[in-house]
Amino acid sequence: MTTGQKMDLFVLDLSFLGWIILGAICCGIGLLFVQPYPEATKAEVYLILKHRI
């Protein structure tokens, strides 16, 4: 499913790097609030890629 999309997915993961760093600065507690956003985004990307196939 990710053939030809791996670089786009990598850049998508990098886009959340700032949020993860900010969440880690708050003694890791902030990660509890930040983590659902990348997970929801990956789920949406999966649905889009699944629809294309």
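Here the structure is shown first, and the text comes after it.
Right, let's walk through the structure included here. (Residues numbered from 1 in each chain as written. Predicted model: local features only at pLDDT ≥ 70, side-chain atom pairs only at ≥ 80, totals over all residues. Heavy atoms only, no water.)

### Thoughts on the overall build of the protein
Here is the rule we go by: Working definition: helices are DSSP H or I runs of at least four residues, strands are E runs of at least two. Numbering for both runs from the N terminus. Each radius of gyration is computed over the set of C-alpha atoms, and the globule rule expresses the reference value as 2.2 Å times the number of residues to the power 0.38. Summary of the burial criterion: residues with accessible area below 20% of their type's maximum are buried, those above 50% are exposed, and those between are partly exposed, where the area comes from a 1.4 Å probe applied to protein chains only. Accessibility throughout is a Shrake-Rupley quantity obtained with a 1.4 Å probe, and a residue counts as covered only by protein chains that appear here. Counting rule applied: Lys, Arg positive; Asp, Glu negative; His and chain ends not counted. Charged side chains are reduced to one point each, which is NZ for Lys, CZ for Arg, CG for Asp and CD for Glu.
A count of helices and strands for the protein gives four helices and zero strands. Across the protein, helices and strands are ordered from the amino to the carboxyl terminus as α-α-α-α. Its C-alpha radius of gyration of 13 Å places the protein more than 25% over the 10 Å reference for a compact globule of 53 residues. Dimensions along the principal axes, computed over C-alpha positions, put the protein at roughly 40 × 15 × 10 Å. Out of the 53 residues belonging to the protein, those deemed buried represent 11%. Accessible area for the protein stands at about 4,400 Å²; split by element, carbon and sulfur atoms hold 72% of it. The averaged location of the 4 negative side-chain charges in the protein is 7 Å from the averaged location of its 4 positive side-chain charges.

### A few points about the pattern of salt bridges
Cut-off, in case you're wondering: What counts as a salt bridge is simple: a side-chain nitrogen of Lys or Arg found within 4 Å of a carboxyl oxygen of Asp or Glu.
Scanning the model with the defined rule gives one salt bridge in all. Across the pair lysine 42 and aspartate 13 runs a salt bridge whose closest N-O atoms are separated by 3.8 Å. Of the two residues, lysine 42 is situated in helix α4 (residues 36-52) and aspartate 13 in helix α1 (residues 6-15); the sequence distance between them amounts to 29 residues. For lysine 42, a relative accessible area of 40% corresponds to the partly exposed category.

### Some remarks on unusual backbone geometry
What is expected of a backbone is that most residues other than glycine have negative phi and most peptide bonds are trans. For cysteine 27, which is not glycine, the phi dihedral falls at a positive 60°. Residue position: cysteine 27 is located in the loop between α2 (17-25) and α3 (30-34). Using a relative accessible area of 73% as the deciding quantity, one classes cysteine 27 as exposed.

### Quick word on a nonpolar patch on the surface
Rules: Exposure above 30% relative accessible area and the absence of a salt bridge qualify a residue for a patch, where like charges join within 9 Å and nonpolar side chains (Val, Leu, Ile, Met, Phe, Trp, Tyr) within 5 Å.
Side chains of Met7, Phe10, Val11, Leu14, Leu17, Trp19, Ile21, Leu22 and Ile25 sit close together on the surface and give an oily, nonpolar patch of about 960 Å² of accessible area. For the nonpolar patch, the secondary structure elements donating two or more residues are α1 and α2. The leading source of residues in the nonpolar patch is α2, at five residues. Among the structural elements, phenylalanine 10 can be located in helix α1.

From the geometry alone we can't say anything about function, so treat these as descriptive.
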